[in-house]
Every structure is written in C-alpha cells, then in structure tokens.
Amino acid sequence: MDNRDVLGSWISGPRAAAEEMGADFGYRGERLGLPREGPGSIASMGRRLAALFIDWTLCVVIAYGLLAGGDAQRANPWTTVVFLVMSVALLGTVGTTPGKRLLGLRVIGEDGRRLGLGRVLLRTVLLLLVIPAVVWDRDGRGLHDKAARAVQVRTS
C-alpha cells in the first residue's frame, strides 16, 4: 500500500483517506444525538463565523460611538468588554446573540438545555482567547464549546 493512501493527499486530508479505507465517522453531531440536517443540527462553520462577524461589528459600533467618544484607539479594549457583556448576558438568558439570531443559530448545552451563567462565561472568555475557538473536534465544535459542554445548533 502506498503511504499516500494511508495519510491522504494534501487536498482531501487524512479523514477522506480513512473513509476511503472503510472508516465510518458518521455525520457531525451524531455522537451528540443531534439530527443530520435542519433545526437542531450542528451549525455550519460559515454561519458561525458570519454570526461572530455580525456580533463583533455591533460591539465595535457600540464601543466606538458610545464608550470611546469616536476615538478608534480607545474603542479597541471597549469592544472586547462590550462583546463579553453582550455574550454573557444574551447567551445566559435567551441562548443567542444578535448575529446568531439573524442567522438562525442558538447555543445550548450538550443535554439540550440552556447554558448556565458559569458555562456561558467560560465559553465566552475562551472564545476571546481565540486559540480554543480555532481548534475543533470532528463534530465541528471548538474547544471553547467542548470546555463549556455547549453546542451551536441551527434553529431554522
């Protein structure tokens, strides 16, 4: 057997090679008991990044216009504070932020219930550290979601 068959090509990656050899990873969210598609399924990476972009932009506007008095340099740290407060307040109460709401997403616990304040705070702080958010598992959950035992699902 050629090593390329085992390791996968640089285009398809090792998962595709393993699947060609008969490994069955299932669909994203299957291990969590979530549906393959539609409401309740794991949100795609594109939707999640778009929701984050919308939320961050909203926080930049709030920080720049209301807290930093139009000074871009002073707005940077305020943006992080506004994002932290907004995320903790909204995810802890209604399970969604403005960006997530616009794109039909919700953050829930692995058990399907709303996250408590401590888990939301942990998730948001880890998200702000960035690294945990860009490392994810085969279900597409970032380490910040795994640590908080959370999952982002579609609502529509």
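Residues numbered from 1 in each chain as written. Predicted model: local features only at pLDDT ≥ 70, side-chain atom pairs only at ≥ 80, totals over all residues. Heavy atoms only, no water.

## Remarks on the overall build of the protein chain
Here is step 1 of the chain: Each helix and strand in the protein chain was counted, giving eight helices and two strands.
Here is step 2 of the chain: Contacts spanning at least 24 positions in sequence make up 58% of the contacts within the protein chain whose residues lie at least 6 apart.
Here is step 3 of the chain: If you sum the accessible surface of the protein chain, you get close to 9,200 Å²; carbon and sulfur atoms cover 62% of it. (Helix = DSSP H or I, 4+ residues; strand = E, 2+ residues; numbered from the N terminus. Contact = heavy atoms within 4.5 Å. Areas by Shrake-Rupley, 256 points an atom, 1.4 Å probe, with all protein chains shown as cover.)

## Focus: the pairing of strand β1 (residues 105-109)
Here is step 1 of the chain: Among the five residues in β1, four count as buried, and that is most of the element.
Here is step 2 of the chain: Judged from the five bridges that link them, β1 and strand β2 (residues 150-154) form a sheet pairing that is antiparallel. Bridging from a neighbouring strand, Ile108 pairs with Val151 of β2. (Buried < 20%, exposed > 50% of the residue type's maximum accessible area, 1.4 Å probe, protein only. Pairing = 2+ DSSP bridges.)

## Concerning the packing of aromatic side chains
Here is step 1 of the chain: For the coordinates displayed, the defined rule picks out one aromatic pair.
Here is step 2 of the chain: Ring geometry for Trp56 against Phe83: centres 5.3 Å apart, planes inclined by 55 degrees, an arrangement best described as tilted. Remark: Phe83 occurs in helix α4 (residues 72-93) and Trp56 occurs in helix α3 (residues 45-67); sequence separation between them is 27 residues. (Phe/Tyr/Trp six-rings, centres within 6.5 Å; stacked < 30°, edge-to-face > 60°.)

## With respect to empty space enclosed by the protein
Here is step 1 of the chain: Within the structure shown, the criterion is met by one cavity of 30 Å³ or more.
Here is step 2 of the chain: Roughly 50 Å³ of internal volume is contained in the largest cavity.
Here is step 3 of the chain: What lines the largest cavity is simply Leu52, Asp55, Phe83, Ser87, Leu91, Thr97, Lys100, Arg123, Thr124 and Leu127.
Here is step 4 of the chain: Elements supplying a minimum of two residues to the lining of the largest cavity: α3, α4 and α6 (117-128). (1 Å grid on protein atoms, 1.4 Å probe; cavity = no way out; pocket = protein on both sides within 12 Å on 5 of 7 lines; lining within 4 Å. Points joined across faces, edges and corners; volume = space filled by probe spheres on them.)

## Description of the packing of α4 against α6
Here is step 1 of the chain: Across the interface, α4 lies against α6 with an axial gap of 9 Å and an inter-helix angle of 145 degrees. Our pair here, α4 against α6, has a crossing hand that is right-handed. Only Leu117, Val120, Leu121, Arg123, Thr124, Val125, Leu127 and Leu128 of α6 make contact with α4, whose side of the interface consists of Thr80, Phe83, Leu84, Ser87, Val88, Leu91 and Gly92.
Here is step 2 of the chain: For the contact of α4 with α6, the class distribution of residues is 10 nonpolar, four polar and one charged. (Axes fitted to C-alpha atoms, helices over the stretch in contact; angles between N-to-C directions. Left-handed = near helix turned anticlockwise from the far one by under 90°. Nonpolar A, V, L, I, M, F, W, Y, C, P; charged D, E, K, R; others polar.)

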